[in-house]
Amino acid sequence: MVEANDVEMKPADESSAASSPEAEVKKDPDLLTIEDIREQVKQLEKAVYGKDHRYAFRVLRCLANTRRKLNTNVLRRLVQGYYTHSAKERTALEAFIIDDNDMEIEIDSKPVPSPKLRPARSEKPLIPEVDAYLHLLVLLRLVDLGKAGEARECSG
């Protein structure tokens, strides 16, 4: 005959306590947003190079969620990280990034470490779809802040 061995069950509190130090390590929400947008840019590039529009539709479906997560720091890091080819384009787009206090930011006052989104001094400019997507994110932020005049200038 086979005897049934009882297994001692641990309380739920002990099992969660073992994994809690890992759960306590939280990432910066701005960094998570930048990582999401980086993935969306990869999807756009895949759509362009693979000539498959489904990837671009995925990015557009995520746009409402991405729009809620946008803030000045995220936009500033994205522009500095992706516009490595042309300083002229970067400064033109940075001029439209409005601080959360409704004041224009001074680019030289706060150096922000930007993540490695593209190789420094990349010889290839951004593909037009990625450029348009980054402009769209800045434009949506301006609309959300109620800056219709600046949004009109940015769209032109």
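Residues numbered from 1 in each chain as written. Predicted model: local features only at pLDDT ≥ 70, side-chain atom pairs only at ≥ 80, totals over all residues. Heavy atoms only, no water.

How should I be thinking about the overall build of the protein in this particular structure?
Regarding its fold elements, the protein presents eight helices and zero strands. Starting at the N terminus and walking to the C terminus, you meet the elements of the protein as α-α-α-α-α-α-α-α. As displayed, the protein offers around 10,900 Å² of accessible surface, 53% of which is attributable to carbon and sulfur atoms. (Helix = DSSP H or I, 4+ residues; strand = E, 2+ residues; numbered from the N terminus. Areas by Shrake-Rupley, 256 points an atom, 1.4 Å probe, with all protein chains shown as cover.)

What is the right way to read the confidence of the model for the protein from this model?
Detailed reading of the predicted coordinates is not advisable wherever pLDDT is low. On average, residues of the protein score 79 in pLDDT, and 73% of them reach the 70 mark or higher. The least confident element of the protein, judged by mean pLDDT, is helix H1 (residues 12–24) at 55; the most confident is helix H4 (residues 63–69) at 93. (pLDDT = per-residue confidence, 0-100.)

When you look at the environment of Leu31 in this model, what are you seeing that I'm missing?
Within the element layout of this structure, Leu31 appears in helix H2 (residues 29–50). Taking relative accessible area as the criterion, Leu31 reaches 31% and is therefore assigned partly exposed. (Buried < 20%, exposed > 50% of the residue type's maximum accessible area, 1.4 Å probe, protein only.)

Help me understand the nonpolar core, please; the structure alone is not making it clear to me.
If you look at soluble globular proteins, the nonpolar side chains tend to sit buried side by side. In terms of nonpolar packing, the biggest core is built from 28 residues, with Ile37 and Leu137 touching the most fellow members. When contributions to this core are tallied by element, the ones reaching two or more residues are H2, helix H5 (72–82), helix H7 (128–144) and helix H8 (148–155). At seven residues, H7 tops the list of elements feeding residues into this core. Setting aside its immediate chain neighbours within four residues, Leu137 contacts Ile37, Leu63, Thr66, Leu70, Leu75 and Leu78. (Core = buried A, V, L, I, M, F, W, Y, C linked by side-chain atoms within 4.5 Å. Contact = heavy atoms within 4.5 Å.)

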